[in-house]
Amino acid sequence: MPASTIPPRIKWAVDLMDVQPADQVLEIGCGPGAGAEAICAKLETGKLFAIDRSESGVDRTKRRNQKHVDAGRLVVRQIDLATLRVPVKRLNKVFAFNVNLFWVRACDDEVALLHERVVPGGAVYLFYEAARPELVPNIVKKASENLLRGGFRVSVVEQKAPPVIGIIARR
């Protein structure tokens, strides 16, 4: 895929987030960097802090988005959310796409960290491809429970084509 091509599912998710030019955003699991590319294109004075546990994900995101790194809009680090010390004290938005952490196990420490760092009125946006519809109810149930337990208000959105489910947790 050419570096300038944003997949429709990522474009839909980032558009739904309504990223503003001054937003401070955390991306969890930046992978190939398409989300970072779409988010950074909307930032002016704001910044995106993108993390991934994978060295290759970090490398791909940096390569794809070198101009944003050079402009100071993007910082990319190889780190796990549980051990993250966010350099930005207050986040407007948190973005994750197909990150299983929030529905495969209890993640109270990670959710508490996000709740502490997201400003009142800010939100955590968790998006999942819904190509396997039989998994969607469990993903929504488990992720929502984890976020509700952490003090967030949760709503769910869905797009049919491409099939994506979004869990929005507002502080």
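Structure: see above.
Per chain, residues are indexed from 1 in the order of the written sequence. Confidence filtering applies because this is a predicted model: local features only for residues at pLDDT of at least 70, side-chain atom pairs given and counted only at 80 or more, and all residues used for totals across whole chains, interfaces and linings. Think of the side-chain values as coming from all heavy atoms in the structure, minus any hydrogens and water.

Two strands pair under a simple rule: DSSP has to find at least two bridges between them. To qualify as a helix, a DSSP run of H or I must reach at least 4 residues; to qualify as a strand, a run of E must reach at least 2; elements of each kind are numbered from the N terminus. The 7 strands are arranged S3-S2-S1-S4-S5-S7-S6 in an open sheet whose pairing can be described as mixed. For this open sheet the edge positions go to strand S3 (74–78) and strand S6 (153–159), each flanked by a neighbour on one side alone. Strand-to-strand twist of the sheet, defined as the mean angle between neighbouring strand axes without regard to direction, takes the value 15°. Pairing geometry for strand S5 (residues 118–129) and strand S7 (residues 164–170), over 7 bridges, is antiparallel. For Leu126, the partnering residue across the bridge sits in S7 and is Ile167. Contacts: residue pairs with any heavy atoms within 4.5 Å of one another. For every element, the axis is a line fit to its C-alpha atoms; helices are fit only across the contacting stretch, and the angle between N-to-C directions ranges from 0 to 180 degrees. Running at roughly 165° to S3, helix H3 (residues 55–64) makes contact with strand S2 (47–52) and S3 of the sheet.

Aromatic pairs are defined between Phe, Tyr and Trp rings, using the six-membered ring for Trp, whenever the two ring centres lie within 6.5 Å; interplanar angles under 30 degrees are classed as stacked, those over 60 as edge-to-face, and all others as tilted. Applying the stated criterion to the full structure yields 4 aromatic pairs. With a centroid separation of 5.8 Å and 75° between ring planes, the pair formed by Trp12 and Phe127 is classed as edge-to-face. Taken together, the residues Trp12 in helix H1 (residues 8–17) and Phe127 in strand S5 connect sequence positions 115 residues apart. Between Tyr125 and Phe127, the aromatic rings sit 6.3 Å apart at their centres with planes inclined by 10°, giving stacked as the arrangement. Residue classification places Tyr125 among the buried residues on the basis of a relative accessible area of 4%. The exposure class of Phe127 is buried, given its relative accessible area of 1%. Put simply, the rings of Trp12, Phe95, Phe97, Tyr125 and Phe127 pair up and form one aromatic cluster. The buried label applies to any residue whose accessible area, calculated with a 1.4 Å probe on protein chains only, is under 20% of its type's maximum; exposed applies above 50%, and partly exposed to all values in between.

This part covers the side chain of Arg117. Locating Arg117 in the fold gives a position in helix H6 (residues 108–117). Residue classification places Arg117 among the buried residues on the basis of a relative accessible area of 13%. Within polar-contact distance, the side chain of Arg117 engages the side chain of Glu116 at 3.4 Å. Any pair of nitrogen or oxygen atoms within 3.5 Å is treated as a polar contact; in protein, a donor-acceptor pairing is required on top of that, and neighbouring residues in sequence qualify only through side-chain atoms on both sides.

On to the pattern of salt bridges, then. Criterion for a salt bridge: a side-chain nitrogen of Lys or Arg within 4 Å of a carboxyl oxygen of Asp or Glu. Scanning all chains against the criterion turns up 11 salt bridges. Two residues, Lys93 and Asp23, come together in a salt bridge whose shortest N-O distance is 2.5 Å. Residue Lys93 is found in strand S4 (residues 91–97), and its partner Asp23 is found in the loop between H1 and strand S1 (24–28); the two are separated by 70 residues along the sequence. Residues Lys93 and Asp23 agree in their burial class; the two are buried. For Lys160, the salt bridge identified is with Glu158, shortest N-O distance 3.2 Å. Note on accessibility: Lys160 and Glu158 belong to one class, exposed. Three or more residues are tied together by salt bridges with common partners; here these are Lys11, Asp15 and Lys42.

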